[in-house]
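Notes for the structure review
As a plain string of letters, each chain reads:
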Amino acid sequence: MPNADRTHDIVVWGATGVAGRFVAEYLTERYAPDDLSIAVGGRNRERLDALATDLTARSDAWDDVPVVVGDATDPESLRAIARDTRVVCTTVGPYTTYGTPLVEACVETGTDYCDLTGEVNWVREIIDRFHDAAVDADARIVHSCGFDSVPADLGTLLAQSFAAETFGAPCQTVRIYLEGGSGSVSGGTMASFGELFEAADTDPLARQALRNPYSLAPPGERSGVDPGEQRRPRRDALRSAWTAPSPMAAVNERVVRRSNALLAYPWGREFRCTEVVPTGNGVAGAATAGLVAAGLGAFTAAMSVAPLRSAIRRYAFPDPGEGPTREEADAGHFLIRVLGQGVAADGPSTVEAEFGADRDPGYGATARMLGESAVCLATGDVDSPLDGGVLTPASGIGLPLADRLREVGFTASASDAGRD
Ligand SMILES: NC(=O)c1ccc[n+]([C@@H]2O[C@H](COP(=O)([O-])OP(=O)(O)OC[C@H]3O[C@@H](n4cnc5c(N)ncnc54)[C@H](OP(=O)(O)O)[C@@H]3O)[C@@H](O)[C@H]2O)c1
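In this text, all values refer to a predicted model and were calculated from it rather than measured experimentally.

1. Quick look at the UniProt feature "domain: Saccharopine dehydrogenase NADP binding" (unreviewed entry) in the protein
The UniProt record annotates "domain: Saccharopine dehydrogenase NADP binding" (unreviewed entry) at residues 10–140. Helix makes up 52% of residues 10–140 and strand 18%, whereas the separation of the span's terminal C-alpha atoms amounts to 14 Å.

Take a look at the structure:
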């Protein structure tokens, strides 16, 4: 097992924040120190000590939870933490602002890493700067291990694995439906969202990363047949229902395309994936799809104008550190359905995968998705041909993550949806 001599199996970096605290609570409630050595990390010792005291009080297994202190703006402190750790699991965001020195420290020290980013422009920068070095160092840098993009990425992997096993051929197209859900947002999430729009307005490279559907593919492979996000209401032939654009499509679709590329195109070079929100049938379905599309368009337009953007960020977004309570994080639900279509030797095939949980998608469920991603990396419970690089959940961890999430109450399944 690589790095077995390091002090900590997992450091939850950013554990005093909203998402980080839920991850730290989840991991210390589910795993005992004999299973995994887990530490909490951040920049404020006093708040970290208080958190560690609280975590030990909640648990019979932990006498004390170790604390590590550093600063996202102090690369030497990050190198020291990474050198002593097998997996750094980070919720310190916005990642565009705070994330790069930590990735660099993990690559330099051959340390595995997972995060919650949905900042496509930043992931693109990390790929270009660090992928080759991470491959050389056997450091697995796995981005987007939360609600973006585990359900879409693993849902697609489940559908494709089922198609390969059952029909002997992958699906050439996949449609990802954000069926519904209820949950909350935190100040940190909205700050990261704001940074994404800031970058799209001010940085031509970020703009390009958000325009090109293949922007997260490896250099030299950033074009293809897939036109990218659905931007208007459309009637969906597969579902016989109306669909609206999905607010998460810009991230999730690119992550799924990167998975296909990193796994050496098992789903083909012509593979297409689209994520949408189904809105139902008939006039009501069409009207809802129109309203969702118009609302998303109006919000995007407003966030693209600098003075409006700063007013929205200032007055409409919660402050960093604000977010759901534990009770709220443990409530809520979400379901993603993936429909894949392929052509097997004996005719067309349709596969359906479902991925969901009865918890707030961005917090209670995300704490489990990120926490179990870190556990998979720390214990070597991965099904991946890749020992290092800037990776996705499906390409860097694979189906063991779905197995672990099923054990803690997630739906993660695939089935034959019937021959066409
Ligand atoms: N993909 C998903 O589903 C999903 C879901 C939830 C969150 N997220 C992402 O996760 C990130 C965090 O969100 P959040 O709501 O948890 O944010 P938050 O509550 O503001 O927490 C941010 C954390 O970063 C720490 N931090 C800030 N500056 C630092 C520095 N210089 N050095 C070290 N630590 C520093 C904060 O420490 P202090 O406590 O000392 O201020 C805090 O622990 C965001 O990027 C958000 O978009 C993604």
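2. What to know about the sheet that holds strand β10 (residues 272–280)
Pairing in this open sheet of seven strands is mixed, and the strands run β8-β9-β10-β7-β11-β12-β14 from one edge to the other. The strands lining the two open edges of the sheet, one partner per strand, are β8 (234–236) and β14 (411–416). When strand polarity is set aside, the average angle formed by the axes of neighbouring strands in this sheet is 35°. Sitting on the sheet, helix α7 (residues 150–167) is in contact with β7 (171–182), β10, β11 (333–344), β12 (347–357) and β14, with an inclination near 145° to β12. Helix-sheet contacts for helix α10 (residues 249–262) involve β7 and β10, and the interaxial angle to β10 is about 145°.

3. Some details on the packing of helix α8 (residues 187–202) against helix α12 (residues 306–315)
Between α8 and α12, whose axes approach to 11 Å, the crossing angle comes to 170°. Here α8 lies roughly antiparallel to α12, going by the angle between them. Between α8 and α12, the contacting residues are Ala191, Gly194, Glu195, Phe197, Glu198 and Asp201 on the first element and Ala306, Arg309 and Arg313 on the second. Classifying every residue of the contact of α8 with α12 by side-chain character gives three nonpolar, one polar and five charged.

4. A closer look at the packing of aromatic side chains
In the structure shown here, the tally under the stated rule is 10 aromatic pairs. Taking 6.4 Å as the distance between ring centres and 70° as the angle between the ring planes, the aromatic pair formed by Phe22 and Tyr363 counts as edge-to-face. One end of the pair, Phe22, is in helix α1 (residues 18–30); the other, Tyr363, is in the loop between β12 and α14 (364–379), with 341 residues separating them in the sequence. In this structure Tyr363 comes out as buried when scored by relative accessible area, which is 4%. Every member of this aromatic cluster is reached through a ring pair, and the members are Phe147, Phe334, Phe355 and Phe410. Residue placement shows Arg257 over the ring face of Tyr214; its charged tip is 5.6 Å from the ring centre.

Calculation criteria
- Residues numbered from 1 in each chain as written.
- Predicted model: local features only at pLDDT ≥ 70, side-chain atom pairs only at ≥ 80, totals over all residues.
- Heavy atoms only, no water.
- UniProt positions renumbered as here; feature names shortened; annotations may be inferred.
- Helix = DSSP H or I, 4+ residues; strand = E, 2+ residues; numbered from the N terminus.
- Pairing = 2+ DSSP bridges.
- Axes fitted to C-alpha atoms, helices over the stretch in contact; angles between N-to-C directions.
- Contact = heavy atoms within 4.5 Å.
- Parallel < 35°, antiparallel > 145°, perpendicular 65-115°, else oblique.
- Nonpolar A, V, L, I, M, F, W, Y, C, P; charged D, E, K, R; others polar.
- Phe/Tyr/Trp six-rings, centres within 6.5 Å; stacked < 30°, edge-to-face > 60°.
- Buried < 20%, exposed > 50% of the residue type's maximum accessible area, 1.4 Å probe, protein only.
- Lys NZ or Arg CZ within 6 Å of the ring centre and 35° of its normal.

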